[in-house]
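Listed below are the residues making up each chain.
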Amino acid sequence: MQIDYRLLWDTSNPIHIVTYRKRIFDPAKNGDNPRELAKATGELFDFNQGYRLSGALSVYAQVNSNRNVADVDVCIDEDNFQEVVQLGIEKGYSFCRLAQRELRGGIRTCIFEEIPTEQFLKRKPSVRAVLLNRNVQDEYLPLDIVDVFVGYVDGWGWENTYDHRLSPIIPTTFPTETILEYEGGNVRTVSLEYMATVKAILIEDESIFGAGNKLDREKNEFDLENILRNLKADFSDKLKKVLQERHKRRTE
């Protein structure tokens, strides 16, 4: 893939080229204990309370399953964004936006542009943002590329992120977070209700999330089934109503 410098915010910003194989989901594949990975994430951020785990890690740190979790997603509260990101920077990470990517032959190539946090807050871009471990050159472990989402509550009382494809997500009248307790400190994570809604959105609006998300359909369906199994039976009906209300909100 040839770098298109027109896609950078500033050509003087450092860029990082990351290449890795697109992981094929295997529901039978076990990984390390997700609660231990959640703890390691807490240690990375000094158990700061300004962020929540999200994605698959948030699910399998809460339910009794050892499903392999290949990456780490965090949703950082908008007001705590710079503080939390700075903790990662001080531990050898760069904060970057995804400037360009390509998926070819099962190999994903990403060009990440290192950017200032204050510029990110000002632009509020609806693009992938990561904390990238500068000390890794070859094989990336889950904590080496941390996907960063910025969360806030809008005037209607709905959880949102800067990723406009997802927003709005769920009303704050629903449970939106859970606390995981460890000896070294507590880790906030989004609730199962929150992740059920996210997974349902990824399935329902599959086409707008790109080719990678289409490849993840089996994983998203598997996760949603697992989440709903661990919630009260009536949440499936509540979820349908949330999705209907969300669709109405997005078309207004």
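Residues numbered from 1 in each chain as written. Predicted model: local features only at pLDDT ≥ 70, side-chain atom pairs only at ≥ 80, totals over all residues. Heavy atoms only, no water.

Novice: Give a detailed account of the nonpolar core, specifying residues and quantitative values.
Specialist: Membership of the largest hydrophobic core comes to 61 residues, with the highest contact counts inside it found for Val74, Phe81, Phe95 and Phe120. Looking at this core, the element that brings in the most residues is helix H5 (residues 192-204), giving nine residues. For valine 74, the contacting residues outside a window of four places in its chain are Thr41, Phe45, Tyr51, Arg52, Leu53, Ser54, Val146, Asp147, Val148 and Phe149. By size, the runner-up hydrophobic cluster in this structure holds 11 residues, among which are Val130, Leu132, Val136 and Tyr140. (Core = buried A, V, L, I, M, F, W, Y, C linked by side-chain atoms within 4.5 Å. Buried < 20%, exposed > 50% of the residue type's maximum accessible area, 1.4 Å probe, protein only. Helix = DSSP H or I, 4+ residues; strand = E, 2+ residues; numbered from the N terminus. Contact = heavy atoms within 4.5 Å.)

Novice: Break down helix H1 (residues 34-44) for me, with residues and values.
Specialist: Burial in H1 covers these residues: Pro34, Leu37, Ala38, Thr41, Gly42 and Leu44. Taken end-on, H1 shows its buried residues confined to a sector of 160°, consistent with a single buried face. Near the N-terminus of H1, the side chain that reaches the backbone nitrogen of arginine 35, with its oxygen 2.9 Å away, is that of asparagine 33. Looking at the residues trailing H1, positive phi occurs at aspartate 46, about 55°. (Arc of directions from axis to C-beta. Polar contact = N/O pair within 3.5 Å; in protein donor to acceptor, adjacent residues only side chain to side chain.)

Novice: Tell me about the pattern of salt bridges, and name the residues and values.
Specialist: Taken as a whole and judged by the stated rule, the model has 18 salt bridges. Residues arginine 6 and aspartate 4 are paired through a salt bridge, measuring 3.0 Å at the closest nitrogen-oxygen approach. One salt bridge in this structure joins arginine 217 and glutamate 206, with 2.8 Å as the shortest N-O distance. Within this pair, whereas arginine 217 is found in helix H7 (residues 217-229), its partner glutamate 206 is found in the loop between H5 and helix H6 (211-215), the two being separated by 11 residues in sequence. Accessibility expressed as a relative area gives 18% for glutamate 206, which makes it buried. One salt-bridge network, held together by shared partners, links Arg67, Lys199 and Asp223. (Salt bridge = Lys/Arg side-chain N within 4 Å of Asp/Glu carboxyl O.)

Novice: Describe in detail the packing of aromatic side chains, supporting the description with residues and values.
Specialist: Following the criterion strictly, the structure yields seven aromatic pairs and no others. Ring plane angle 50° and centroid distance 6.1 Å describe the contact between tyrosine 152 and tyrosine 162, whose orientation is recorded as tilted. Separated by 10 residues along the polypeptide, tyrosine 152 in strand S7 (residues 145-153) and tyrosine 162 in the loop between strand S8 (159-161) and strand S9 (177-182) bring together distant segments of the chain. A residue is classified by how much of its surface remains accessible, and tyrosine 162, at 3% relative accessible area, is buried. Three or more aromatic residues joined by ring pairs form one cluster here, namely Phe81, Phe95, Phe120, Tyr152 and Tyr162. The ring of tryptophan 9 carries arginine 123 above its face, with NZ or CZ at 4.1 Å from the centroid. (Phe/Tyr/Trp six-rings, centres within 6.5 Å; stacked < 30°, edge-to-face > 60°. Lys NZ or Arg CZ within 6 Å of the ring centre and 35° of its normal.)

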